[in-house]
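Residues per chain are reported as follows:
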Amino acid sequence: MKFVSDDFLQEASESMESLGDKGISRRAFMKFCTGMAALLALPASFAPKIAEAIRGKKPYLVWLEFQDCAGDTEALLRTTAPAVGDIVLDVFAVEYHETIMAASGKQAEKSLMDIVKNNKGNYFVVVEGSIPLKDDGIYCCIGGRTAVDIAREVCGNAIATIAVGTCATYGGIPAALPNPTGAVGVKEAVPNATVINLPGCPVNAENITATVVHYLTFGTLPNTDKLGRPYFAFGKRIHDNCERRAHFDAGQFARQWGDEGHRQGWCLYEMGCKGPETFHNCPTVKYNAGTSWPVQAGHGCIGCSEPHFWDTMSPFYRRLPKVPGVSIESTADKVGAGLAAATAAGLVIHGIGRAISPKKEE
Amino acid sequence: MATKIIHGKMQRLRVYAWEFPVRLTHWFNAFSILFLSITGYYIGDPFMHAYSSKQWIMGWMRLIHFIVAYVFLMSVIIRMYWAFMGNQFASWRECFPVSTEKRKEFMDALKFYFFIRKEPPYVIGHAALASFTYFLVFVVFIFEIVSGFALYSVSHPPSIVWTLLGGWLLNIMHLPTIRLYHHFVMYVILAFVPLHIYATWYMDPHEKNGLVSSMFSGFKFVPEKEIEEAEQ
Ligand code: SF4
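It should be emphasised that the depicted structure is a prediction, and the values quoted were computed from it without experimental measurement.

Calculation criteria
- Residues numbered from 1 in each chain as written.
- Chains lettered and ligands numbered in written order.
- Predicted model: local features only at pLDDT ≥ 70, side-chain atom pairs only at ≥ 80, totals over all residues.
- Heavy atoms only, no water.
- Helix = DSSP H or I, 4+ residues; strand = E, 2+ residues; numbered from the N terminus.
- Buried < 20%, exposed > 50% of the residue type's maximum accessible area, 1.4 Å probe, protein only.
- Contact = heavy atoms within 4.5 Å.
- Areas by Shrake-Rupley, 256 points an atom, 1.4 Å probe, with all protein chains shown as cover.
- Phe/Tyr/Trp six-rings, centres within 6.5 Å; stacked < 30°, edge-to-face > 60°.
- Buried area = accessible area lost by both parts, 1.4 Å probe.
- Salt bridge = Lys/Arg side-chain N within 4 Å of Asp/Glu carboxyl O.
- Polar contact = N/O pair within 3.5 Å; in protein donor to acceptor, adjacent residues only side chain to side chain.
- Nonpolar A, V, L, I, M, F, W, Y, C, P; charged D, E, K, R; others polar.

## Some remarks on the overall build of chain A
Now for step 1: The secondary structure content of chain A amounts to 17 helices and nine strands.
Now for step 2: The buried share of chain A, reckoned over its 362 residues, is 54%.
Now for step 3: Partitioning the intrachain contacts of chain A with sequence separation of at least 6 by distance along the chain shows that 70% fall at a separation of at least 24.
Now for step 4: With an accessible surface of roughly 16,300 Å², chain A has 55% of that area assigned to carbon and sulfur atoms.

## Comments concerning the packing of aromatic side chains
Residues and elements named next belong to chain B.
Now for step 1: Applying the stated rule across the entire model yields 32 aromatic pairs over all chains.
Now for step 2: A ring pair is formed by Y198 and W201, whose centres lie 5.6 Å apart and whose planes are at 55°; its orientation type is tilted. Of this pair, Y198 and W201 both sit in helix α6 (residues 175–207), three residues apart, roughly one helical turn.
Now for step 3: Residue classification places W201 among the exposed residues on the basis of a relative accessible area of 52%.

## Examining the interface of chain B and chain A
Now for step 1: Contacts between chain B and chain A engage 46 residues on the former and 45 residues on the latter.
Now for step 2: Between chain B and chain A lies a buried interface of about 3,900 Å² when both sides are counted; carbon and sulfur atoms form 63% of it.
Now for step 3: At the surface where chain B touches chain A, the tally comes to one salt bridge.
Now for step 4: Where chain B packs against chain A, one counts 13 residue pairs in polar contact (both at pLDDT 80 or more).
Now for step 5: Only α1 (20–44), α2 (57–85) and α6 of chain B provide two or more residues apiece to the side of chain B that touches chain A.
Now for step 6: Counting residues per element, the side of chain B that touches chain A draws most heavily on α6(B), which supplies 17 residues.
Now for step 7: Classifying every residue of the side of chain B that touches chain A gives 28 nonpolar, eleven polar and seven charged.

## Focus: the pattern of salt bridges
Residue and element names in this part refer to chain A.
Now for step 1: All told, the structure shown has 14 salt bridges over all chains when counted by the stated rule.
Now for step 2: A salt bridge links D114 to K110; the shortest N-O distance between them is 3.2 Å. Highlighted residues: D114 and K110, both in helix α6 (residues 105–118), separated by four residues, approximately one helical turn.
Now for step 3: For D114, a relative accessible area of 28% corresponds to the partly exposed category.

So this is what it looks like as structure tokens:
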């Protein structure tokens, strides 16, 4: 069976020239283009278009880091064979990236400002990490400027801002209660910027690439849901695409780490898996070039790509959250059973009261 | 409306209080609660384990839960519709003890349950305390329906139907929080069940009006003088 046309192969080999001596085979490049088409839920016939788009323009890209752990950068750099990371870095002209650029100090900051000035409305920004707003944003400063100040200028003048990771999208871990720095995501900090949210802890680098590839191919950003997340990556629940789902429906659950069910690869629902509450394409795209993802590795989903997951999804190893306002160790079942028991006890007491109270005259 | 019968020294009238939709939805609600609680508890805490992949325990539990959820929804809708279309005893107005008379009835019933008053207040339909309680119970029912459909909606592609039935709740509450309250409120309903059964069982011999059987037959037996008092 033939998935791609000869034209595509022709174009692909031309593209290889631009990819230069990066050691990426034509085969790997084709695979990359068809993979991107699949990820964006496009038919394979779009692969040549994608190849062409990538070969064409090279958008400028600046990568800003605020309150983060550089995990998203790591996710991008550690993508393995077939050198997706290399292709991505070749697709973009990365002009500023604190972790990987050679320049430093004033020189580095100047190159950022040059991009903003000279390429207004013609570059992408990737933001990693949350932006603190409390006390005028002093909790995160780079080169003497606050994160929110930098974000306003850089994101405000970009084609689009891709907020990567749960911190940049919804505040993430720095925004977990009690949120001491007043951390928020990019969209909240810079409301007038065009922001697309790619949450996840870390983001899946394939989703960043697919978002940019979508823009290069169609000239628009992908459709998003009301949380600003593209449907191609966040349209489906993890639980509905999970490879352990058949065990869930059967009623086969791991009940303890390392028990028979866990060794058999049964569903992790009882171990607190948050797959039923989380929208992400982890089960289909997986991490590290399709190697694995948490549930495949035997650990339940913790819902890391949902807003405020640290507060709402915890405890990560229990089915239900703790009951707010009641003592720390109480679960809904304990409180609920207590309520029902108290009612029953009340009725028993009432029954006794009735038995000993003076009888009504007939 | 009423047939006169003689019971002991007291003349009683046979009154058609609970119309068919009222009785029907009462029992549909009761059985829905039973099935929804068992299957819902299993979904929250799967206490039975399959020994073979060919079984479909969670599958069945969820299927039954969702089907009965629709039955329950319809039952609640019919009952609410009947609150506007039915007789005076089924009316929504019964729910709110606002008039002085109703407020007295409300207090009298409370006093009766706390042994302060020997006689329960005599009414043909719901006593003010009971109907106000049922109003709260319906609020709880509606919360369960809305939160349930909010949870159900996430496994479907977004559509206006899901949004109306409960999806809107996702805008104001996080999914795990909805799950927590949906689960917790089940216990509130389960606490109401013994209360309701006990109160009925307790009241029945006091009122001597056939309270328990009225939910099957629709008829209550009310002392003539009560009706006369009510009519004055
Ligand atoms: S492991 Fe998690 S996501 Fe997978 S079926 Fe079980 S509960 Fe759902």
